[in-house]
Amino acid sequence: METSKRDTEDNQSSSTKSDSSGTNNEISNHSRKLQCTIKFSYGVGHVLNDLTASMWFSYLLVFLHQVNNFNNMLAGNLMLIGQVSDALFTPFIGFESDRTSGFWKLGRRKSWHLLGTICVMASFPFLFSECITCSHAPNIAQFVYYAPFVVIFQFGWAATQISHLSFSSDITPCAHERVSLQSIRNVFTILANLSIYGIFFLLFYLEGGHGVNDDLSQQDAPKFQHLSLISIGIGVLTNIIFHLGTKEKVTNRENQTNSNPNESSIEKSAVMHSKMNWKDWLKQKQFYQIALLYMATRLYINVSQVYFPMYVTEPLQLTKSSIALLPLVSYVSSFVMSMVSPYLNRYLGRKPSFVLAAVIGLGSCTWMYFIEKKSDQVYAAACLLGLAGSLLLITSLSMTSDLIANNTESGAFVFGAMSFTDKLANGVAVLLIQYFHPCEGCCPACEPYYRNVQVFVPGGALVIALIALCSLIPQTIGLRGHTVVQVMESPVGTHEEAGFEQCSCGQFYLPPNSCSACGFMPGYNRQDLARTVDDSDDDYYAQERKPLLTRANINTPTRDLKVL
C-alpha cells in the first residue's frame with residue numbers, strides 16, 4: 001500500500017513538473033517573441049497622431065502666417081496654447097490611465113486610446129480650415145475661434161500618445177521586444193510623415209499650384225483642408241486595426257488592490273513593496289535625468305520640423321513645392337535609420353547609440369549654417385537631419401522603457417511626465433522664437449533669423465541632451481538606487497523547508513498558487529541571484545529573467561537587494 005501510494009505521488013509530482021515546465025517554456029517564448037501581427041497592429045496604432053502631428057509642426061505656422069495672414073505673435077500664441085495644453089494633460093492622463101480599469105469592455109490603455117481618437121477626429125479638421133462665418137473677421141476673433149479646437153485636439157492627441165506608449169511596456173517585459181516595438185512604431189511614424197509630404201506635394205500639382213505662383217496665399221487654403229481630412233481618414237482606419245489586432249487584459253480595480261485570498265503574507269508584502277506610484281517616481285534621480293534627455297531630444301526634432309519649411313523658403317529662397325519635397329527626403333533617411341536602430345541599440349548599447357545620433361545631428365546643424373541660397377546641399381543636410389532624429393527618438397524612448405523596467409503599473413505616468421517636459425519646452429521655445437522675430441512681414445532680416453533658429457536652437461538642445469547623458473554614464477538605467485541590502489532567502493530556512501518558489505519576475509509564491517505579480521508559475525532557479533547588469537545588456541533581460549532581487553522586488557523600490 002505504501003509503495004503504491006508513493007508511486008502515485010511520484011507520478012503526480014512528475015506530471016505536475018512536466019506540465020509546469022511546458023507552461024514555463026511557453027510563457028518564456030511568449031515573453032521573448034511577440035507575434036508579427038501584434039507588432040504590426042501596435043505599430044499602426046499611433047499613425048493618426050503621427051499624421052496630425054506632422055501637419056501641426058510642419059504646416060500650422062505656415063498656414064496661419066501665410067494663408068490666414070496671422071501676425072507672428074498670434075500664430076506663436078496659438079501654438080503655445082496647444083503645447084501648454086498638451087503638457088498639462090499628459091501627467092493627468094498618465095495618472096488616470098494607471099488607476100482606472102477602462103470602459104466599454106476595453107482595457108485601461110485602449111480605453112484612453114479610443115477616447116483620444118474621438119477627440120482628434122472631432123477637432124483637427126477645423127484647425128486647417130478657414131474660420132466658418134468669420135474668415136474675414138479680425139485676426140483676434142479668428143484666434144478665439146481656433147483656440148478651443150486646439151485644446152480639444154491636444155487632449156485627444158495626448159490621450160492617444162500616452163496610452164500607446166505605455167501599452168508597449170504592458171504587453172512584453174523583454175527589452176529586445178520593447179525596442180522592436182518602438183522601432184516599428186517609428187517606422188510607421190516616418191511613413192505617416194512621408195504620406196503627409198507626398199500627398200501635399202501632389203495637391204499642388206492636381207489643384208494647379210505649380211507654375212502659377214511660387215508663394216503661398218489664401219487661395220491655397222483648400223489644399224490644407226483636404227490634407228487634414230485625408231489624414232483623419234487614414235488615421236481612423238489604422239486605429240481600428242490597432243484595436244482589432246491587439247488584446248489587453250481587462251483588470252478590475254478591486255482586483256488590482258485586493259490580493260488573492262490564498263496567497264501568503266510574504267507574497268502580499270513582496271507585491272505591495274515592489275509596486276511604484278507617482279510619488280515613488282518623483283524620488284528617483286534617474287527619472288529627472290531621463291526626462292531632461294527626452295525633452296532635449298524632442299526639442300531638437302520638433303523645432304527642426306517646425307522651422308524647416310521657413311528655413312527652406314526664406315534663407316534658401318526655394319519654391320513652395322520644396323516645403324513638401326525636402327521634408328520627404330528627410331523622412332526617407334529616417335525610415336532607413338529606423339530599420340538599423342534596433343541593431344545599433346543591441347550591439348552598441350543605448351548610450352553609445354545616443355552619442356552617435358547626437359554627433360550626426362550636430363553635423364547637420366553645422367552644415368545648414370553654411371548652405372547658400374538655392375544650393376542642392378540642403379538635400380544632404382536634410383538626410384542627416386532625418387538620420388539623427390530617428391535614432392535619437394528610438395533610443396530615448398527605449399531608455400524610458402528601461403527606466404520603467406518591471407514597474408508597468410505606473411508606466412503611463414512616466415511617459416506622461418516625459419511628454420509634459422517635452423511639450424512645455426517646445427511651446428516656450430516656439431513662443432520665444434516668434435517673439436524675437438525681427439519684423440511683422442517678410443524682409444531681408446528674416447533670412448538670417450530663420451537660419452539661426454534652424455541651427456542654434458536644435459544644436460543647443462543636443463548639447464543639453466549630451467550633458468544629461470553624461471550624468472547617466474556611471475549609472476545603470478532602471479536600477480533603483482545603489483544601496484545593497486542583505487535579506488534572508490526565505491522567512492523560514494530554505495525554500496524547500498518553507499515550501500516557497502520564486503517566479504522569474506522576482507516574486508515569491510507558494511504552490512499551487514500562481515505568482516501574485518504576473519500570474520505565472522515559472523520554475524525556481526537559485527543561480528545568479530544578485531547579478532549586476534548594464535542597461536545595454538539586453539540579452540540578460542531577454543534570456544535570463546531569473547529572480548531579479550537586484551530589481552528591488554521585495555522591500556523597497558529605492559534599494560538593491562542581495563540574497564544571503
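Bear in mind the structure is a predicted one, so any value in this text is a computation, not a measurement. (Residues numbered from 1 in each chain as written. Predicted model: local features only at pLDDT ≥ 70, side-chain atom pairs only at ≥ 80, totals over all residues. Heavy atoms only, no water.)

Novice: Any chance you could break down the overall build of the protein chain for me, citing the residues and the numbers?
Specialist: When helices and strands are counted, the protein chain shows 19 helices and 4 strands. When burial is assessed residue by residue, the protein chain has 55% of its 564 residues classed as buried. Of the contacts made within the protein chain by residues no fewer than 6 positions apart, 79% connect residues no fewer than 24 positions apart. Carbon and sulfur atoms make up 62% of the accessible area of the protein chain, which amounts to about 23500 Å² in all. (Helix = DSSP H or I, 4+ residues; strand = E, 2+ residues; numbered from the N terminus. Buried < 20%, exposed > 50% of the residue type's maximum accessible area, 1.4 Å probe, protein only. Contact = heavy atoms within 4.5 Å. Areas by Shrake-Rupley, 256 points an atom, 1.4 Å probe, with all protein chains shown as cover.)

Novice: Tell me about the packing of helix 5 (residues 108–127) against helix 8 (residues 221–245), and please be specific about residues and values.
Specialist: Each packed pair of helices is defined by two parameters, the angle between the axes and the distance between the axes. Axis separation between helix 5 and helix 8 bottoms out at 10 Å; the angle between their running directions is 170 degrees. It follows from the interaxial angle that helix 5 and helix 8 lie roughly antiparallel. For the element pair helix 5 and helix 8, the recorded crossing hand is left-handed. When helix 5 is examined against helix 8, the residues Lys 110, His 113, Leu 114, Thr 117, Val 120, Met 121, Phe 124 and Pro 125 are found in contact with a partner set consisting of Ser 228, Leu 229, Ile 232, Val 236, Asn 239, Phe 242 and His 243. Of the residues belonging to the contact of helix 5 with helix 8, the class tally is 9 nonpolar, 5 polar and 1 charged. (Axes fitted to C-alpha atoms, helices over the stretch in contact; angles between N-to-C directions. Parallel < 35°, antiparallel > 145°, perpendicular 65-115°, else oblique. Left-handed = near helix turned anticlockwise from the far one by under 90°. Nonpolar A, V, L, I, M, F, W, Y, C, P; charged D, E, K, R; others polar.)

Novice: Break down unusual backbone geometry for me, citing the residues and quoting the values.
Specialist: With a phi close to 55 degrees, Gln 317 is a non-glycine residue in the positive phi region. Along the chain, Gln 317 turns up in the loop between helix 12 (285–313) and helix 13 (322–347). Although it is not a glycine, Ala 405 sits at a positive phi angle of roughly 55 degrees. Among the structural elements, Ala 405 can be located in the loop between helix 15 (377–404) and helix 16 (411–435).

Novice: So, the state of the cysteines: which residues are in play, and what are the values?
Specialist: A complete count under the given rule lists 1 disulfide for this structure. Residue pairing for Cys 131: its cysteine sulfur links by disulfide to Cys 134, the two sulfurs lying 1.4 Å apart. Note on Cys 134: relative accessible area 17%, which makes it buried. (Disulfide = S-S within 2.5 Å.)

Novice: Report on the pattern of salt bridges, specifying residues and quantitative values.
Specialist: Per the counting criterion, the structure on display carries 8 salt bridges. A salt bridge links Glu 96 to Arg 99; its shortest N-O distance comes to 3.2 Å. Here the residue Glu 96 and the residue Arg 99 both occupy positions in helix 4 (residues 72–99), the gap between them amounting to 3 residues, near one helical turn. By relative accessible area, Glu 96 is classed as buried at 15%. Between Asp 98 and Arg 109 there is a salt bridge, with its nearest N and O atoms 3.0 Å apart. (Salt bridge = Lys/Arg side-chain N within 4 Å of Asp/Glu carboxyl O.)

Novice: I'd like a rundown of the packing of helix 3 (residues 47–67) against helix 7 (residues 175–206), residues and numbers included.
Specialist: Running from N to C, helix 3 and helix 7 point in directions that differ by 50 degrees, and their axes come no closer than 9 Å. Viewed along their axes, helix 3 and helix 7 adopt a mutual orientation that is oblique. Here the hand of the crossing between helix 3 and helix 7 comes out right-handed. Listed contacts from helix 7 to Val 47, Asp 50, Leu 51, Ser 54, Met 55, Ser 58 and Tyr 59 of helix 3 are Arg 185, Phe 188, Thr 189, Ala 192, Asn 193, Ser 195, Ile 196, Tyr 197 and Phe 200. Taken together, the residues of the contact of helix 3 with helix 7 break down into 9 nonpolar, 5 polar and 2 charged.

Novice: For a nonpolar patch on the surface, give the residues involved together with the corresponding values.
Specialist: Residues Leu 424, Val 428, Leu 432, Tyr 435 and Phe 436 make up a contiguous nonpolar surface patch of roughly 490 Å² in combined accessible area. Locating Leu 432 in the fold gives a position in helix 16. (Patch = residues over 30% accessible without salt bridge, like charges linked within 9 Å, V, L, I, M, F, W, Y side chains within 5 Å.)

Novice: Any chance you could break down the environment of Gly 102 for me, citing the residues and the numbers?
Specialist: Here Gly 102 is to be found in the loop between helix 4 and helix 5. Gly 102 sits in the partly exposed class, given a relative accessible area of 30%. Spatially, the C-alpha atom of Gly 102 lies 7.7 Å from that of Trp 112, the residues being 10 residues apart in sequence. Not counting residues up to four positions away in its chain, the partners in contact with Gly 102 are Gly 107, Arg 108 and Ser 111.

Novice: Break down the packing of aromatic side chains for me, with residues and values.
Specialist: Summed over the entire model, instances satisfying the criterion amount to 29 aromatic pairs. Their ring planes at 85 degrees and their centres at 5.9 Å tell us that Tyr 59 and Tyr 197 sit as a pair that is edge-to-face. Placement of Tyr 59 in helix 3 and of Tyr 197 in helix 7 is noted, with a sequence separation of 138 residues between them. Here the aromatic residues Trp 56, Tyr 59, Phe 63, Phe 124, Phe 128, Phe 153, Tyr 197, Phe 200, Phe 224 and Tyr 331 are joined through ring pairs into a cluster of three or more. For the cation-ring pair, Lys 110 lies above Phe 242, with the distance from its terminal atom to the ring centre recorded as 5.9 Å. (Phe/Tyr/Trp six-rings, centres within 6.5 Å; stacked < 30°, edge-to-face > 60°. Lys NZ or Arg CZ within 6 Å of the ring centre and 35° of its normal.)

Novice: Can you break down the nonpolar core residue by residue, with the values?
Specialist: Among the nonpolar cores identified, the biggest contains 120 residues, and Tyr 59, Phe 128, Phe 200, Tyr 300, Tyr 307 and Phe 308 are the most heavily contacted of them. Shared between two domains, this core holds at least three residues of each, these being domain 1 (35–206 + 218–249) and domain 2 (280–474). Once you skip the residues sitting within four places of it in the chain, Phe 128 turns out to touch Met 55, Trp 56, Tyr 59, Leu 60, Phe 63, Ala 221, Phe 224, Gln 225 and Ser 228. Ranked by size, the runner-up nonpolar core spans 6 residues in total, among them Tyr 42, Phe 167, Ile 171 and Leu 181. (Core = buried A, V, L, I, M, F, W, Y, C linked by side-chain atoms within 4.5 Å. Domains from an automatic or database assignment.)

Novice: Residue-level account of the side chain of His 113, with values.
Specialist: Its place among the elements puts His 113 in helix 5. In this structure His 113 comes out as buried when scored by relative accessible area, which is 1%. Among the polar contacts made by the side chain of His 113, one reaches the side chain of His 243 at a distance of 3.1 Å. In this structure, His 113 is in contact with Gly 45, Ala 159, Thr 160, Ser 163, His 164, Asn 239, Phe 242 and His 243, ignoring residues within four places of it in sequence. (Polar contact = N/O pair within 3.5 Å; in protein donor to acceptor, adjacent residues only side chain to side chain.)

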